[in-house]
Amino acid sequence: MSALVPGETALPRRVRQAGTLPPPERHLPSLAGNRSLPYAAIDTELAELRLQVPGVTGCVLGGVDGLLITHTMPDGSSPDDLAALAASTFGLGRQVGLSLGQGPFRQSTVRNATGYLSVYAVNGQALLAVVGEDTVNVARLHLHAPGVAERLADLLTGA
């Protein structure tokens, strides 16, 4: 630690005050590997989204913990990595919402040179990640995907 040079002032520092932290969140168990989930119905919902929105190349249903639940990604893709990226996107979006006082995470879209990744909140445990080509109609995706997320939440709740 260095001493102050005459004429300079110290920068203000935050000091942690006892008792100011919120209580820790209670996390539900991961849905990854849960054999009681209605996988056929979930896969039907994911496939329907691909049919409703041309340009969607695949979907991943993952946990907020970053673990893969199921997917409809083409062969050669990395659905496990995509589930982890969706959880990272969720984490960043959640912090933005908290910092700005805008409420809980709902959706985030990343545009890349040749495509899109959109992540939608399904419920407190799951996320829907949708991968699309550069030609995907993002407005149409944003119109259909929230409904799919709601139906997925119902399927997951009933399991």
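Placed above this text is the structure.
Residues numbered from 1 in each chain as written. Predicted model: local features only at pLDDT ≥ 70, side-chain atom pairs only at ≥ 80, totals over all residues. Heavy atoms only, no water.

(A) Seen up close, helix H1 (residues 39–52). In this model H1 runs 20 Å from its N-terminal to its C-terminal C-alpha over 14 residues, within 8% of the 20 Å that 1.5 Å per residue would give. The complete set of buried residues in H1 reads Ile-42, Glu-45, Leu-46 and Leu-49. In an axial view of H1, the angular spread of the buried residues amounts to 95 degrees, which keeps them on one side of the axis. Exposed and oriented more than 90 degrees from the buried face of H1 are Ala-40 and Leu-51. Residues of H1 that are buried make contact with strand S1 (56–63), strand S2 (68–71), strand S5 (126–133) and helix H3 (138–158). (Helix = DSSP H or I, 4+ residues; strand = E, 2+ residues; numbered from the N terminus. Expected span 1.5 Å × (residues − 1). Buried < 20%, exposed > 50% of the residue type's maximum accessible area, 1.4 Å probe, protein only. Arc of directions from axis to C-beta. Contact = heavy atoms within 4.5 Å.)

(B) Focus on the pattern of salt bridges. Counted under the stated rule, the structure contains two salt bridges. Taking the shortest distance from any N to any O, the salt bridge between Glu-45 and Arg-151 comes out at 2.9 Å. Residue Glu-45 is located in helix H1, and its partner Arg-151 is located in helix H3; the two are separated by 106 residues in the primary sequence. For Asp-134, the salt bridge identified is with Arg-111, shortest N-O distance 3.3 Å. Of this pair, Asp-134 sits in the loop between S5 and H3 while Arg-111 is found in strand S3 (residues 107–112), placing the two residues 23 residues apart along the sequence. (Salt bridge = Lys/Arg side-chain N within 4 Å of Asp/Glu carboxyl O.)

(C) Expanded view of the packing of H1 against H3. Packing of H1 against H3 leaves a shortest axis separation of 10 Å and a crossing angle of 175 degrees. As summarised for this structure, H1 and H3 are arranged roughly antiparallel, according to the angle between their axes. Note on element contacts: H3 touches H1 through Arg-140, Leu-141, His-144, Ala-145, Val-148, Arg-151, Leu-152, Leu-155 and Leu-156, opposite Ala-41, Ile-42, Glu-45, Leu-46, Leu-49 and Gln-52. A per-class count over the contact of H1 with H3 returns ten nonpolar, two polar and three charged. (Axes fitted to C-alpha atoms, helices over the stretch in contact; angles between N-to-C directions. Parallel < 35°, antiparallel > 145°, perpendicular 65-115°, else oblique. Nonpolar A, V, L, I, M, F, W, Y, C, P; charged D, E, K, R; others polar.)

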